[in-house]
Amino acid sequence: MPELPEVHGYKVYIDSTALHQTIVAMDCRDDRLLKKSKKEFDTHLLGEQLTGTVRIGKYLFVKTTGDKILVIHFGMTGRPNYYKDVDDRPKYGHIVLTFENGFHFAYENKRKFGWWNLIDSIEDYKKEHNLSDDARALSFEDFKASLQSRKTHIKKILMDQSVAAGVGNWMADEILYQAKMHPKKKVQDMTEKDIKTVFEAMKKVIETAIENDAHYADFPKDFLIHFRKEGGTCPHTGATIEKIKLGGRATYFSPDWQQL
């Protein structure tokens, strides 16, 4: 599933390809991918241009010359694709914008869990959906404040989009591994130093992922992602990686490295 680093890459891709070109057509093969009617999308996008993007967690907000903002969520398998020849439309390019210059912008979504929406205000959308600031931009004070009065384990908190928008399952596991923090550690039992350690690990993981274009093979050798599987070996301790379920999600950790 695309998480913060992948969606950041999509933002960079769209910024460098699809902006400042007049939209002359929109095709959608499955209207279930649209949160508004196709007619509304035509009304607010045709004749307009995409002018800039804002990413908050896994959500990408695309500003336009019109009065609406396009929201793109990539679901499990979504990604953008900018191309020239109409015959190059990707197999799973279920939504396509065509520009006046003859190029096309496709939204690929094989499993159709993603979607497009039209909104009036990013800030209002954040409030309505209880989104924190993007995890990359989040301040320590805001992060710490979000943990106050919480009485659950830190893994679940990290994946709460009202705490750290953009952090998903593999990232939460990696953050806790880098912080040497057990995923079952209760937030109410964490010291300020513990919270700071997790916060700094979150920033480290985010920046590492972005710098490497979310290409896991290029991550540092001591990152959990390389051996994040049941029976993997922790390079720090030689211990066997364990898998448990927390909040219904598969969770991987090193029991000696991340002691409870």
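Described in the following lines is the structure provided in the data block.

Conventions and cut-offs
- Residues numbered from 1 in each chain as written.
- Predicted model: local features only at pLDDT ≥ 70, side-chain atom pairs only at ≥ 80, totals over all residues.
- Heavy atoms only, no water.
- Helix = DSSP H or I, 4+ residues; strand = E, 2+ residues; numbered from the N terminus.
- Contact = heavy atoms within 4.5 Å.
- Pairing = 2+ DSSP bridges.
- Axes fitted to C-alpha atoms, helices over the stretch in contact; angles between N-to-C directions.
- Salt bridge = Lys/Arg side-chain N within 4 Å of Asp/Glu carboxyl O.
- Buried < 20%, exposed > 50% of the residue type's maximum accessible area, 1.4 Å probe, protein only.
- Phe/Tyr/Trp six-rings, centres within 6.5 Å; stacked < 30°, edge-to-face > 60°.
- Lys NZ or Arg CZ within 6 Å of the ring centre and 35° of its normal.

So, about the side chain of lysine 11. Within the secondary structure layout, lysine 11 lies in helix 1 (residues 4-17). Discounting chain neighbours no more than four positions away, the residues touching lysine 11 are Thr53, Val54, Arg55 and Leu60.

Below, the discussion takes up the sheet that holds strand 4 (residues 69-73). Strands in a sheet are paired, the pairing made by backbone hydrogen bonds, and the direction either parallel or antiparallel. Pairing within the open sheet is antiparallel, and its four strands lie in the order 2-3-4-8. In this open sheet, the two strands that pair with only one neighbour each are strand 2 (50-56) and strand 8 (115-119). Mean inter-strand twist for the sheet, computed between neighbouring axes without regard to direction, equals 25 degrees. In the sheet, strand 2 pairs with strand 3 (residues 59-64) via six bridges, with the strands oriented antiparallel. Bridging across to strand 3, threonine 53 finds its partner in valine 62. Helix 1 rests against strand 2 and strand 3 of the sheet, and its axis sits at about 170 degrees to strand 2. Each of strand 3, strand 4 and strand 8 touches helix 2 (residues 38-45); the most contacted strand, strand 8, lies at about 60 degrees to it.

Enumeration over the complete set of coordinates arrives at 15 salt bridges. A salt bridge links lysine 68 to aspartate 120; the shortest N-O distance between them is 2.7 Å. Of this pair, lysine 68 sits in the loop between strand 3 and strand 4 while aspartate 120 sits in the loop between strand 8 and helix 3 (122-128), and the two are 52 residues apart along the sequence. Residue class for aspartate 120 comes out exposed when judged on its relative accessible area of 57%. For aspartate 160, the salt bridge goes to arginine 150, with nearest N and O atoms at 3.2 Å. Taken together, the residues aspartate 160 in the loop between helix 5 (154-158) and helix 6 (169-178) and arginine 150 in the loop between helix 4 (140-147) and helix 5 connect sequence positions 10 residues apart. According to the relative accessible area criterion, aspartate 160 is partly exposed, its value standing at 25%. Here arginine 150 falls in the partly exposed class, since its relative accessible area comes to 25%. Taken together, the shared-partner salt bridges connect Asp30, Arg32 and Lys112 into one network.

Let's shift gears to the packing of aromatic side chains. For the structure shown, the criterion picks out 19 aromatic pairs. With a centroid separation of 5.1 Å and 5 degrees between ring planes, the pair formed by tyrosine 82 and phenylalanine 103 is classed as stacked. Taken together, the residues span a long stretch of sequence, with tyrosine 82 in strand 5 (residues 79-83) and phenylalanine 103 in the loop between strand 6 (93-99) and strand 7 (104-108) at a distance of 21 residues. On the basis of relative accessible area, tyrosine 82 is assigned to the buried category, the value being 18%. Here phenylalanine 103 falls in the partly exposed class, since its relative accessible area comes to 27%. Note on tryptophan 170 and phenylalanine 219: the rings are 6.0 Å apart at their centroids and 40 degrees apart in plane angle, and the pair reads as tilted. Placement of the pair is tryptophan 170 in helix 6 and phenylalanine 219 in the loop between helix 7 (192-211) and strand 9 (242-246), with a sequence separation of 49 residues. For the pair formed by tryptophan 170 and phenylalanine 219, the shared burial category is buried. These aromatic residues form a ring-pair network of at least three members: Tyr10, Phe41, Phe74, Phe105, Tyr107 and Trp116. Note that lysine 35 overlies the ring of tryptophan 115, its terminal NZ or CZ placed 5.0 Å from the centroid.

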